[in-house]
Amino acid sequence: MYRPYKKPIGAAVPDIVVPKPHISKITVGIARLVARLYLCSFVGTARLSMQGSEELFQSLNRAFSKKSRCILAFRHQNGCEPQVLGWFVLFKSKKLARRAGIYFPRRPHLIFVHGYEVLRWGGKIARAVLPRLGALQVYHAKIDSESIRRLNQTLMEGPYPLTIAPEGQVSYFTDCIPRLESGAIRMGLNAAEHLGKETPVELLPVSVLFRYGKTGQRRMEMMLRRVEHIAGLKNTGLPFSKRLEQCRDKVLSVNEKRYNLNPSASSSIEERLDALTEAALSRTEELLGVKKEGTTFARMHTLRQLCWDRIFIPGVNDLSTLSQLERSVADLQAGEAWYAGRHLEMVDFICYFKVPIPSGDAPLRSRVEYVQQLWDFMNRTRGGVFADRKTIKPAEIIISTAPSLNLTVRLDDYHRDKKTTIASILDELKATYLGQI
């Protein structure tokens, strides 16, 4: 007897289709009504303070007046920095700037740049809201000429700052910056060449810093106990750092067993994590039938793109156009891609997990962050994803702004030696971020 097609778990779905990026007044108005409640789900009722507010307001004012073009380069270590910055600039900055004697010539706004994957794991809300706030998507592993054109056009024309995380993704730890990507700087220098000296291009470093109080410390202890419980460990009165070490080593050893790794007794944690990274990437490449090629991050981005393209089928907006046979194969490939993606979630995280274990008297933020990452390490070992992260809500959020870097004045150096100039700006940006902590 014929049975109608039944959609399996992990089935393929149509390609993502969203409106062209634009600023919708209706969407901004709705965001104004619900933004505070939405933000509370990420950061609770943390109070907001500022460092370098004059630098921020002056730079925004120059951009809004079209006297300059601005790339707002923000740290992205916790995951909710875009929400915090977007809410602040949209709904708070104009009032606070007036108090400082600065009057914006137009309603403030930021144009955020986000990875293509956000529209996939972010769900219907992200797909509905982000394009209507003008947000632009980028790809790490494939060339999309239309996305590149929109990025350059937005920066060249202004007036709203192009808002980018130079870390490329969430980096998990405040006190450590393992890598910065050069794309924003290259884009800024390219714009500076076309705009000339009369319209400088500025790179504005902004950090969103979390501070925790007694409540955060209690929740940190609760989270650590939960990690110990799930990992089958007992708190036998060990010092704080030893408890962290015990949890880290248990989760790491479980992963090594999963991938049939046998580290030597002399292997360092960094070496063991590197071996785990390679094993997870190799397993994914084997599942997807892809040859090993490129750096760790290049391989990860290529594989992630392939996984998403097997789940959200490019160019197919209606799966009913596929035959039953084609649909069944597409679903099987989507399921394989979903499981392959669990290995990539591990890679994504452990590339940033090579930080020292904080001592019991380390700053509270360092202890809180490490416990959060222990939970994430365990979560991804169990098949979880970034969206499943558990975070401890801060008592205070600090928006820290440093003086902007004028990219236009670097053009002569850039023309003489592009590689050295970009590296120098990246080093300066990294030092600025670390100085804001």
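The residue numbering used here restarts from 1 in each chain and proceeds along that chain's sequence as written. Predicted model: local features are reported for residues with pLDDT of at least 70 only, side-chain atom pairs are reported and counted for 80 or more only, and whole-chain, interface and lining totals are derived from all residues. Hydrogens and water are ignored here; the side-chain numbers use all heavy atoms of the structure.

(A) Up close: the packing of helix α7 (residues 145-157) against helix α8 (residues 183-195). Between N-to-C directions, angles cover 0 to 180 degrees, with each direction set by a line fitted to C-alpha atoms, over the stretch in contact for helices. Under the DSSP-based scheme used, a helix requires at least four consecutive residues in state H or I and a strand at least two consecutive residues in state E, with every element numbered from the N terminus. Interhelical geometry of α7 versus α8 gives an angle of 55° and a closest axis separation of 10 Å. Comparing their axes, α8 and α7 come out oblique. Crossing handedness for the pair α7 and α8: right-handed. Together, Leu 151, Asn 152, Leu 155 and Met 156 of α7 and Met 187, Gly 188, Asn 190, Ala 191, His 194 and Leu 195 of α8 make up the contact between the two elements. In this count, Pro and Cys sit with the nonpolar residues alongside Ala, Val, Leu, Ile, Met, Phe, Trp and Tyr, while Asp, Glu, Lys and Arg are called charged and the others, Gly among them, polar. Across the contact of α7 with α8, the residue classes break down as 6 nonpolar, 4 polar and no charged. Should an angle fall under 35 degrees it is taken as roughly parallel, and over 145 as roughly antiparallel, whereas 65 to 115 is taken as roughly perpendicular and any remaining angle as oblique. For a crossing to be left-handed, the near helix must be turned anticlockwise from the far one by less than a right angle; the clockwise case is right-handed. Between two residues, a contact is recorded if the distance between any of their heavy atoms is within 4.5 Å.

(B) Examining the pairing of strand β4 (residues 111-115) more closely. Each residue is placed in one exposure class: buried if its accessible area under a 1.4 Å probe, protein chains only, is under 20% of its type's maximum, exposed if it is over 50%, and partly exposed if it falls in between. Where burial is concerned, most of β4 is hidden: 5 out of the 5 residues are buried. Neither face of β4 is exposed, since Ile 111, Val 113 and Gly 115 on one face and Phe 112 and His 114 on the opposite face are all buried. Here β4 pairs with strand β5 (residues 136-138) via 3 bridges, running parallel. Residue pairing across strands places His 114 opposite Gln 137, the latter belonging to β5. Only when DSSP finds a minimum of two bridges between them are two strands counted as paired.

(C) Representation of the pattern of salt bridges in the model. Should a side-chain nitrogen of Lys or Arg be within 4 Å of a carboxyl oxygen of Asp or Glu, the pair is scored as a salt bridge. A full pass over the atoms with the stated rule returns 25 salt bridges. The shortest N-O distance in the salt bridge between Asp 175 and Arg 365 comes to 3.2 Å. In this pair, Asp 175 sits in the loop between β6 (162-164) and α8 while Arg 365 sits in helix α14 (residues 364-381), placing the two residues 190 residues apart along the sequence. By relative accessible area, Asp 175 is classed as partly exposed at 37%. With a shortest N-O distance of 3.1 Å, Asp 348 and Arg 380 are connected by a salt bridge. Of the two residues, Asp 348 sits in helix α13 (residues 324-350) while Arg 380 sits in helix α14, which places them 32 residues apart along the sequence. A single burial state applies to Asp 348 and to Arg 380, both of which are buried. Overlapping salt bridges bring together Arg 304, Glu 345, Asp 348, Asp 376, Arg 380 and Arg 389 as one network.

(D) The packing of aromatic side chains, seen in detail. A pair of Phe, Tyr and Trp rings is counted when the ring centres sit within 6.5 Å of each other, with Trp represented by its six-membered ring. The angle between the planes then sorts it: under 30 degrees is stacked, over 60 is edge-to-face, the rest tilted. If you walk through the whole model with that rule in mind, you get 19 aromatic pairs. An aromatic cluster is present here, built from Tyr 172, Phe 173, Phe 297, Phe 349, Tyr 352, Phe 353, Tyr 370 and Phe 377 joined pairwise through their rings. The ring of Tyr 433 is capped by Arg 75, whose NZ or CZ atom sits 5.9 Å from the centre of that ring. Whether a charge lies above a ring is judged from NZ of Lys or CZ of Arg, which has to be within 6 Å of the ring centre and within 35 degrees of the ring normal.

(E) Structural detail: the environment of Leu 195. If you trace the backbone, Leu 195 turns up in helix α8. Using a relative accessible area of 22% as the deciding quantity, one classes Leu 195 as partly exposed. Among all residues touching Leu 195, those that are not within four sequence positions of it are Arg 69, Met 156 and Val 201.

(F) Molecular detail of the side chain of Thr 432. Mapped onto the elements of the fold, Thr 432 is located in helix α16 (residues 418-436). In this structure, Thr 432 is in contact with Pro 205 and Ala 402, ignoring residues within four places of it in sequence.

(G) Main features of helix α3 (residues 81-91). Counting buried positions over the 11 residues of α3 gives 10, a clear majority of the element. Those residues of α3 not exposed but buried are Glu 81, Gln 83, Val 84, Leu 85, Gly 86, Trp 87, Phe 88, Val 89, Leu 90 and Phe 91.

(H) Structural detail: the nonpolar core. To qualify as a nonpolar core, a set must consist of buried Ala, Val, Leu, Ile, Met, Phe, Trp, Tyr and Cys residues joined through side-chain atoms within 4.5 Å. Judged by nonpolar contacts, the single largest core of 96 residues is most densely connected at Val 84, Leu 85, Phe 353 and Phe 377. Here this core gets 9 residues from one element, more than from any other, and that element is α13. One finds Val 138, Ile 164, Met 187 and Val 201 within the second-largest nonpolar core, a separate group that totals 29 residues.

(I) Focus on unusual backbone geometry. Here Gly 158 and Pro 159 are connected by a cis peptide whose omega angle stands at 0°. Tracing the backbone shows Pro 159 in the loop between α7 and β6. In this model, Lys 66 sits at a positive phi of 65°, which is unusual for a non-glycine residue. Position of Lys 66 among the secondary structure elements: in the loop between α2 (53-64) and β3 (69-74). Phi at Asn 260 takes a positive value of approximately 60°, unusual for a residue other than glycine. Its place among the elements puts Asn 260 in the loop between α10 (240-258) and α11 (269-288).

(J) Inspection of the state of the cysteines at higher detail. By definition, disulfides here are pairs of cysteine sulfur atoms that lie within 2.5 Å. Applying the stated criterion across every chain yields a total of 0 disulfides. Here Cys 80 is not disulfide-linked; the sulfur of Cys 40 is the nearest cysteine sulfur, at 12 Å. Using a relative accessible area of 4% as the deciding quantity, one classes Cys 80 as buried.

(K) Looking closely at the environment of Ser 24. Within the element layout of this structure, Ser 24 appears in the loop between β1 (13-14) and α1 (25-43). In this structure, the C-alpha to C-alpha distance between Ser 24 and Thr 236, residues 212 residues apart in sequence, is 57 Å.

(L) Structural view of a positive patch on the surface. On the surface, a cluster of positive charge is contributed by Lys 25, Arg 32, Lys 94, Arg 98 and Arg 107. Breaking the positive patch down by element, the ones donating at least two residues are α1 and α4 (93-99). For Lys 25, the position within the fold is in helix α1. Classification of Lys 25 by relative accessible area gives exposed; the value is 76%. Patch definition: residues above 30% relative accessible area lacking any salt bridge, with like charges linked at up to 9 Å and the nonpolar side chains Val, Leu, Ile, Met, Phe, Trp and Tyr linked at up to 5 Å. Method for areas: the Shrake-Rupley scheme with a 1.4 Å probe, in which residue coverage is limited to the protein chains shown. Here Asp and Glu are counted as negative and Lys and Arg as positive; His is not counted, and neither are the chain ends. The location of each charge is read from NZ of Lys, CZ of Arg, CG of Asp or CD of Glu.

All quantities given are derived from atomic positions and should not be read as evidence of function.
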